[in-house]
Amino acid sequence: MGLFAACALVVVGRLVYLPFDQNVQTKLDLTAPRQREVLQPARGNIYDRKGELLVTNTVLYDLAIEYGYVTYGDEDTDKDLDEQDELVVLRRIAQDLSALLGEPYPDVENLVTNRLYLDPDTQQEIKLLRKTLYPLLSAEKRDMLQAAISAADKPYLTALVLSPRHRRIYPHGEVAAHVLGLTNYDQIGFYGLEESYNRTLAGYTIAFDQPLLPWDLQYAKVDAGADLHLTLDLGVQLTAEEVLKDSLAKYGASSGSAVVMAPATGGILAMASLPTFNPNDLESLASDFNTNPVWRNPVVAEQFEPGSIFKIFTMAAALESGEYTRNSSYNDTGSFEYGGIVVRNWDGRAWGVQDMTGLMEHSLNVGAATLSTSMGAQRFYDQLLSFGMGSQTGVDLAGELTGHLKRPGDADWHESDLATNAFGQGVAVTQVQLITAVASVANGGVTMRPHLVARVQNDPVAPQIAGRPISAATAQELAQMLLESIDVEGSKAQVAGYEVAGKTGTAQIPIQLPNYHYDPNKTIATFVGWVPALQPQFLAFVRLNEPSTEQWGSQTAAPAFAALVERLVVQLQMPPDARRMALARP
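Quick caveat: nothing in here was measured; it's all calculated off a predicted structure.

Trainee: Looking at this structure, how should I read the overall build of the protein chain?
Mentor: Broken down by element type, the protein chain carries 20 helices and 28 strands. Classification of the 586 residues of the protein chain by burial places 53% in the buried group. Put simply, of all contacts in the protein chain between residues at least 6 apart along the chain, 72% involve residues at least 24 apart.

In structure tokens, the structure reads:
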């Protein structure tokens, strides 16, 4: 931390040395105005899991003028000391600043000489004692200005004050921007980890009254913020962002997200979303800081209907109930009437007698609705609740939504929802919620709380169990079914040499007004899966919004998933399944 730790010792007061003068001190007015100063330590750095620096600080400088230090004599030779004499000196200061900073003189002159401030509460004009002229100047400009202020031939410039200010730096620009978030000019965190860990990163700030006196230098030591060490892997993050960018272009999608997680711990290795932003570029984004949705992380702060991925949880509920096994069968007639609606398969076909693996292979809506309605609302919705539907996951990122799960007794629940919810229609989820629930199947029925921070300073953050929605036996059986279903329904998600378990999703996009209906032309395409299927090392979830080349997840999100996995198994040094099993033999 070197330089940045040193910045925790902040000097408050004049940065220009003025010699002590006993004669001046005897003229002190102890009732002189005092200004409120805030001492801010350097915010903690943020590192990835391998120690790569993701966020740090630099020091910039605010240039201010303290009007009480403006010294002047009879500048206009009218034998009277008044405000006109002060104005002459202020204009002299403005002229020098204009030359030093390369700013137009009229602008600088107006800035320096206008010391009135309109109080927004009282609407009264207040005469400022101190005014910031130019914030966030570089160290080079600081050195140039300091030399001018110290020059013996221009004593009037000693009314200028240079004060250090921390500024957040994101060395990789847009990379992982939604995860990291950003800070404003006052070093307050917004969005992402900067907001959720704001207090930890910020350290302790001290505020006190500072007399406006040239010789009154005060030193105060403040506690620097703690560093965060993440589960996120910069290399994996870069790969996820590159694959996502390529996939958006290839399939003509408007936006999308990709998440990579370790199911055994809940640690997030990558979380990528496009479009994104550059947290270094506050100036161009400040105008819509509170309204522009690009700042918000869509993985945690955006909810959508999941479509057929939700059949994973319907099947889990059926197997866990004990009423069904993977060999149970039903007759698929292509339509199913329940609660006043008719459910049809995505392709309109009748598939005849199907077992549970066939239901998942062909992603049959009729089969999913048959399961949920035969189980009954109580058992079905209790199982969805145990997977965390309708609740926050507790991920350590700001802005997480809960999704929406309607249940019997709710004003907006209808009997038909029991059928349609089974295949992911009429229920809203977040992407982090969905990947966390699916990860519990990959992890032997145990849900781990998703998280990004592995260590705060030197204190490790232990993975936390969030629930046990299904038994290990159910999880293993369902994983095997999802492995087998990839051979048919999700063939474009296959990766040579590796067994993949997973599920596609194609969700219609609801439109609320003028009357509730689904957009006939736009979909959300998704694929979630893990590798290796029966001994997972990581789980990945790709979401493409409004793909235009194909509307189906099996044709867009599934191959995007495969492209991601093909690179990650090399990057994470995962040998092919055959090689891995050979190495495992005694």
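Trainee: Is there a simple way to think about the side chain of Ser163 in this case?
Mentor: Tracing the backbone through its elements, the reader meets Ser163 in strand E8 (residues 160–169). Given a relative accessible area of 17%, Ser163 falls into the buried group.

Trainee: Mind showing me how you'd approach helix H5 (residues 139–150) here?
Mentor: At 3.6 residues per turn, the α-helix brings residues three or four places apart onto the same side. Its 12 residues give H5 an end-to-end C-alpha distance of 16 Å, which sits within 8% of 16 Å, the value for a rise of 1.5 Å per residue. Residues Leu145, Gln146, Ala148 and Ile149 constitute the buried set of H5. The buried side chains of H5 occupy one side of the element, clustering within an arc of 165° when seen end-on. Residues Glu140 and Ala147 are exposed on H5 and point more than 90 degrees away from its buried face. The secondary structure elements touched by the buried residues of H5 are strand E4 (53–66), helix H3 (83–101), strand E7 (130–137) and E8.

Trainee: What should I look at first to understand the packing of aromatic side chains in this one?
Mentor: A ring pair, where both rings are aromatic, is described by two values, the distance of the centres and the angle of the planes. Throughout the structure, instances matching the rule amount to 9 aromatic pairs. On the numbers, 5.3 Å between centres and 80° between planes, the contact of Phe310 with Phe313 is edge-to-face. Measuring from ring centre to ring centre gives 4.6 Å for Phe527 and Phe561, while their planes differ by 45°; the resulting arrangement is tilted. Here the residue Phe527 occupies a position in strand E27 (residues 517–531), and Phe561 occupies one in helix H19 (residues 557–571), the gap between them amounting to 34 residues. On the basis of relative accessible area, Phe527 is assigned to the buried category, the value being 0%. Members of the aromatic cluster, joined through ring pairs, are Tyr191, Phe277 and Trp295. The positively charged end of Arg92 is found above the aromatic ring belonging to Tyr156, 5.6 Å away from the centroid. The ring of Phe304 is capped by Arg543, whose NZ or CZ atom sits 4.1 Å from the centre of that ring.

Trainee: Explain the packing of helix H12 (residues 311–321) against helix H14 (residues 365–375) here, please?
Mentor: Each pair of packed helices can be described by the angle between their axes along with the distance between the axes. Packing of H12 against H14 brings their axes to within 10 Å, and their N-to-C directions diverge by 40°. Relative to H14, the element H12 lies oblique. For the pair H12 and H14, the crossing hand works out as left-handed. Taken together, the residues of H14 that come into contact with H12 (itself represented by Lys311, Thr314, Met315, Ala317 and Ala318) are Asn365, Ala368, Leu371, Ser372 and Met375.

Trainee: Looking at this structure, I do not really get the nonpolar core. What am I missing?
Mentor: The tendency in soluble globular proteins is for nonpolar side chains to be buried as a group. In this structure, Ile312, Phe313 and Met389 are the most contacted members of the largest nonpolar core, which totals 95 residues. When near neighbours in sequence (up to four residues on either side) are disregarded, Ile312 contacts Met360, Val438, Val441, Leu478, Leu482, Lys503 and Val528. Ala557, Ala558, Ala560 and Met574 belong to the second-largest nonpolar core, a separate cluster that totals 34 residues.

Trainee: Which parts of the structure should I look at to understand helix H4 (residues 105–113)?
Mentor: Inspection of H4 places Val108, Glu109, Val112 and Thr113 among the buried residues, and these make up the whole buried set. Within H4, the buried residues cover an arc of 115° as seen down the axis, which keeps them to one side. Buried residues along H4 sit in contact with E4, H3 and E7.

Trainee: Explanation requested: the sheet that holds E27 in the structure shown.
Mentor: Across the sheet, which stays open at both edges, the 5 strands sit in the order E15-E14-E28-E27-E26 with antiparallel pairing between neighbours. One side of each edge strand has no neighbouring strand; the edge strands of this open sheet are strand E15 (267–274) and strand E26 (501–511). Across this sheet, the average inter-strand angle for adjacent strands is 10°, counted without regard to direction. Relative to E15, strand E14 (residues 255–262) is paired through 7 bridges, and the arrangement is antiparallel. Of the residues in E15, the one forming a bridge with Ala262 is Gly267.

Trainee: Mind showing me how you'd approach the confidence of the model for the protein chain here?
Mentor: Should the pLDDT be low somewhere, the predicted coordinates at that spot are not to be read in detail. Chain-level pLDDT for the protein chain is 87 on average; 87% of the residues reach the 70-or-more range. A low-confidence stretch, residues 1–36 stays under pLDDT 50, and its non-local contacts, those more than four residues away or across chains, total 67 contacts.

Trainee: Teacher, can you tell me more about the environment of Ser372 here?
Mentor: Position of Ser372 relative to the elements: it lies in helix H14. Taking the C-alpha atoms as reference points, Ser372 and Asn421, separated by 49 residues in sequence, lie 8.4 Å from one another. When neighbours within four sequence positions are excluded, Ser372 is seen to be in contact with Thr314, Phe380, Leu418, Ala419 and Ala422.

Trainee: How should I be thinking about the pattern of salt bridges in this particular structure?
Mentor: Once their charged atoms are close, side chains differing in charge can pair, the charge on each being opposite to the other. Going through the model one piece at a time under the given rule, you end up with 17 salt bridges. Here Arg142 makes a salt bridge to Asp143, at a shortest N to O gap of 2.6 Å. The exposure class assigned to Arg142 is partly exposed, which follows from its relative accessible area of 22%. When the shortest N-O distance is used, the salt bridge between Glu302 and Arg543 registers 2.9 Å. You can see Glu302 sitting in the loop between helix H11 (298–301) and strand E16 (303–304) and its partner Arg543 sitting in strand E28 (residues 538–545), a full 241 residues away along the chain. Classification of Arg543 by relative accessible area gives buried; the value is 3%. Among the charged side chains, a network of salt bridges with common partners joins Arg43, Arg168 and Glu194.

Trainee: What's the story with the packing of H12 against helix H15 (residues 377–386) in this structure? I'm lost.
Mentor: Across the interface, H12 lies against H15 with an axial gap of 9 Å and an inter-helix angle of 115°. Crossing angle aside, the handedness with which H12 passes H15 is right-handed. Of H15, the residues touching H12 (which contributes Phe313, Thr314, Ala317, Glu320 and Ser321) are Arg379, Phe380, Gln383 and Leu384. When its residues are assigned to classes, the contact of H12 with H15 shows 4 nonpolar, 3 polar and 2 charged.

Trainee: How should unusual backbone geometry be read in this particular structure?
Mentor: Only a minority of non-glycine residues have a phi that is not negative, and only a minority of peptide bonds are not trans. That bond from Leu274 to Pro275 is cis: its omega, 0°, falls within 30 degrees of zero. As for its position among the elements, Pro275 is in the loop between E15 and helix H10 (282–285). Backbone geometry at Gln187 places phi at a positive 65°, although glycine is not the residue there. Along the chain, the position of Gln187 falls in the loop between strand E9 (182–183) and strand E10 (189–190).

Trainee: Got a minute to help me understand the environment of Pro536 in this structure?
Mentor: Mapped onto the fold, Pro536 is located in the loop between E27 and E28. A C-alpha to C-alpha distance of 8.2 Å links Pro536 and Ala262, two positions 274 residues apart in sequence. Ignoring any residue separated from it by four or fewer positions in sequence, one finds Pro536 in contact with Pro263, Ala442, Trp530 and Val531.

Rules and cut-offs
- Residues numbered from 1 in each chain as written.
- Predicted model: local features only at pLDDT ≥ 70, side-chain atom pairs only at ≥ 80, totals over all residues.
- Heavy atoms only, no water.
- Helix = DSSP H or I, 4+ residues; strand = E, 2+ residues; numbered from the N terminus.
- Buried < 20%, exposed > 50% of the residue type's maximum accessible area, 1.4 Å probe, protein only.
- Contact = heavy atoms within 4.5 Å.
- Expected span 1.5 Å × (residues − 1).
- Arc of directions from axis to C-beta.
- Phe/Tyr/Trp six-rings, centres within 6.5 Å; stacked < 30°, edge-to-face > 60°.
- Lys NZ or Arg CZ within 6 Å of the ring centre and 35° of its normal.
- Axes fitted to C-alpha atoms, helices over the stretch in contact; angles between N-to-C directions.
- Parallel < 35°, antiparallel > 145°, perpendicular 65-115°, else oblique.
- Left-handed = near helix turned anticlockwise from the far one by under 90°.
- Core = buried A, V, L, I, M, F, W, Y, C linked by side-chain atoms within 4.5 Å.
- Pairing = 2+ DSSP bridges.
- pLDDT = per-residue confidence, 0-100.
- Salt bridge = Lys/Arg side-chain N within 4 Å of Asp/Glu carboxyl O.
- Nonpolar A, V, L, I, M, F, W, Y, C, P; charged D, E, K, R; others polar.

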